[in-house]
Amino acid sequence: MVLSRLVGIHFNMYSIRLLGSFQKIFVINLLSRTDHRDSMSLAAALTDLRIDYVDGVTEVDKKYLPPGGKEVNLDSGGLGNWRAHMNIARMMIEQNVTSALILEDDADWDIRIKHQMRDFAKASRLLVQPLSGTSDRFLDPTHPQPKEDQRPQDFDIRKDVTGEPSTSPYGDIDRWDLFWLGHCGSRFPRASDRNVPLGRAVIYDDETVPEPQHVMMQFGDSELVQTYPAHTRVVSRAWMNTCTMGYGISLPGARRLLYELSVNKMTGPTDMMFRSVCHGSEGRPVQTCLTVQPQLFQHHRPVGYKSSFSDISDHGVDYNEQAFTRNVRWSIRVNFRKLVDGLTDYIDLFKDGEEADSNLGFK
């Protein structure tokens with residue numbers, strides 16, 4: 001069993017198994033992508049994850065798009081992606097799901113995801129939970145917005161503490177909206193961005209993080225690998241994130257997301273609209289969104305024709321000879337054979353001391 005008991009009760013965060021307080025784990029899957037469903041079901045079973053599939057969307061009637069939809073003019077893949085994510089937000093509201101983890105069906109993760117999420121919970125609390133005995137004082141001196149002369153401050157999950165949350169190990173449910181755990185790149189916020197706090201919760205000596213030569217930032221920048229020692233993961237407010245292959249969302253966050261992206265207005269592709277609610281841009285109020293670098297969930301690239309990688313974007317027609325997942329060392333999917341055979345000599349895609357392999361996404 002991987003889900004916690006219903007939130008709203010006190011708990012010991014170290015006794016909560018696997019992915020903490022997420023009441024549900026939803027996976028978006030097109031009915032035609034039986035390959036993705038087979039792999040996802042196997043990955044979830046081998047990680048002791050209980051998942052619920054939500055059908056992907058292939059047809060959206062443009063007559064019923066929110067304001068701005070006609071002008072944005074998304075293609076059918078982009079519209080289907082938007083509608084699938086909105087369907088989950090609506091489902092959470094209708095079913096009163098307190099929090100959920102949402103994954104796209106090609107998402108991959110490390111075999112050690114339980115340990116990673118425990119560390120993420122320690123980190124997220126440092127950024128969203130008030131200090132003990134207070135309701136409005138935080139570790140981060142830049143909360144809620146930085147002044148022009150303020151700089152980011154690091155907080156160490158091994159040393160720094162806040163008050164104890166009572167409704168979620170990640171920080172109380174009413175204090176966060178979205179955890180952008182899977183993405184194609186991000187950067188740290190800066191004082192010049194103005195809208196969000198600058199604090200960073202640092203996870204040092206994380207053996208699940210590849211050495212810098214193996215870390216692929218994709219659409220992000222290189223500040224993480226240039227600033228922090230090897231094997232460091234950092235949690236901060238989400239800024240300039242791209243892709244939505246994995247995120248945690250609270251019920252208050254789902255309500256805000258459904259209103260902003262499906263009732264209020266459509267301003268771009270799904271991930272760019274997620275970005276706008278996290279930034280407080282495009283006329284939207286800023287929401288509390290955290291992200292993590294390197295990400296905890298990433299697109300898996302299996303052996304096969306690259307044209308099968310996505311139903312939304314074009315990856316060309318070349319053949320991929322080697323399965324890989326960027327930034328994930330002990331990939332659950334790369335290690336399928338080991339796991340089903342009960343072996344523990346796992347394949348490490350990004351071994352310490354080795355040069356970056358151009359066949360694993362570094363081109």
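So, here's what we can say about the structure. (Residues numbered from 1 in each chain as written. Predicted model: local features only at pLDDT ≥ 70, side-chain atom pairs only at ≥ 80, totals over all residues. Heavy atoms only, no water.)

**Considering the sheet that holds strand E5 (residues 154–156)**
Two strands in a sheet stick together by hydrogen bonds in their backbones, pointing the same way (parallel) or opposite ways (antiparallel).
Phase 1 of the analysis: The strand order E2-E1-E3-E9-E6-E10-E8-E7-E5 describes an open sheet built from 9 strands, whose pairing is mixed. Looking at which strands have only one partner, the edges of the open sheet turn out to be strand E2 (52–55) and E5. Each strand axis lies, on average, 25° off the axis of its neighbour in the sheet, ignoring direction.
Phase 2 of the analysis: Judged from the 3 bridges that link them, strand E6 (residues 178–182) and strand E10 (residues 289–293) form a sheet pairing that is parallel. (Pairing = 2+ DSSP bridges. Helix = DSSP H or I, 4+ residues; strand = E, 2+ residues; numbered from the N terminus. Axes fitted to C-alpha atoms, helices over the stretch in contact; angles between N-to-C directions.)

**Regarding the sheet that holds strand E14 (residues 324–325)**
Phase 1 of the analysis: Spatial strand order, E4-E11-E14: 3 strands in an open sheet with antiparallel pairing. Single-partner strands in this sheet number two, and they are strand E4 (107–108) and E14.
Phase 2 of the analysis: Taken together, the 2 bridges between E4 and strand E11 (residues 298–301) define a ladder with antiparallel strand orientation. Residue pairing for E11: alanine 107 is matched across the bridge by histidine 299.

**Details of the packing of helix H3 (residues 76–95) against helix H6 (residues 251–264)**
Phase 1 of the analysis: Look at H3 against H6: their axes get within 9 Å of each other, and the N-to-C directions meet at 135°. If you check the angle between H3 and H6, you find them oblique. Crossing of H3 over H6 shows left-handed handedness. The residues of H6 that touch H3, namely those facing Trp82, Arg83, Met86, Ala89, Arg90, Met92 and Ile93, are Leu251, Ala254, Arg255, Leu257, Leu258, Leu261 and Ser262.
Phase 2 of the analysis: Residues of the contact of H3 with H6, tallied by class, amount to 10 nonpolar, 1 polar and 3 charged. (Parallel < 35°, antiparallel > 145°, perpendicular 65-115°, else oblique. Left-handed = near helix turned anticlockwise from the far one by under 90°. Contact = heavy atoms within 4.5 Å. Nonpolar A, V, L, I, M, F, W, Y, C, P; charged D, E, K, R; others polar.)

**Focus: a nonpolar patch on the surface**
Phase 1 of the analysis: Taken together, the side chains of Leu42, Leu46 and Val340 present a nonpolar region at the surface, about 210 Å² in accessible area.
Phase 2 of the analysis: Along the chain, leucine 42 turns up in helix H1 (residues 34–46). (Patch = residues over 30% accessible without salt bridge, like charges linked within 9 Å, V, L, I, M, F, W, Y side chains within 5 Å. Areas by Shrake-Rupley, 256 points an atom, 1.4 Å probe, with all protein chains shown as cover. Salt bridge = Lys/Arg side-chain N within 4 Å of Asp/Glu carboxyl O.)

**A word on H3**
Phase 1 of the analysis: The terminal C-alpha atoms of H3, which comprises 20 residues, lie 28 Å apart, in line with the 28 Å expected from a rise of 1.5 Å per residue.
Phase 2 of the analysis: Here H3 lies mainly inside the structure; 14 of its 20 residues are buried.
Phase 3 of the analysis: Measuring from the side-chain oxygen of the N-cap residue of H3 to the backbone nitrogen of glycine 77 gives 3.2 Å; that N-cap residue is aspartate 75.
Phase 4 of the analysis: After H3 finishes, the residue asparagine 96 shows a positive phi value of roughly 55°. (Expected span 1.5 Å × (residues − 1). Buried < 20%, exposed > 50% of the residue type's maximum accessible area, 1.4 Å probe, protein only. Polar contact = N/O pair within 3.5 Å; in protein donor to acceptor, adjacent residues only side chain to side chain.)

**A few points about the packing of aromatic side chains**
Phase 1 of the analysis: In this structure the tally under the stated criterion is 10 aromatic pairs.
Phase 2 of the analysis: Geometrically, the ring pair formed by tryptophan 109 and phenylalanine 297 is edge-to-face, given 5.9 Å between the ring centres and 70° between the ring planes. With tryptophan 109 in the loop between E4 and helix H4 (113–128) and phenylalanine 297 in the loop between E10 and E11, the pair connects residues that are 188 residues apart, well separated along the chain. In terms of burial, tryptophan 109 and phenylalanine 297 fall into one category: buried.
Phase 3 of the analysis: Through successive ring pairs, a cluster of aromatic residues spans Phe22, Phe120, Tyr170, Trp176 and Phe179.
Phase 4 of the analysis: Over the face of the ring belonging to tryptophan 330 we find arginine 112, whose NZ or CZ atom lies 3.7 Å from the ring centre.
Phase 5 of the analysis: Just above the ring of phenylalanine 188 sits the side chain of arginine 200; from NZ or CZ to the centre is 3.9 Å. (Phe/Tyr/Trp six-rings, centres within 6.5 Å; stacked < 30°, edge-to-face > 60°. Lys NZ or Arg CZ within 6 Å of the ring centre and 35° of its normal.)

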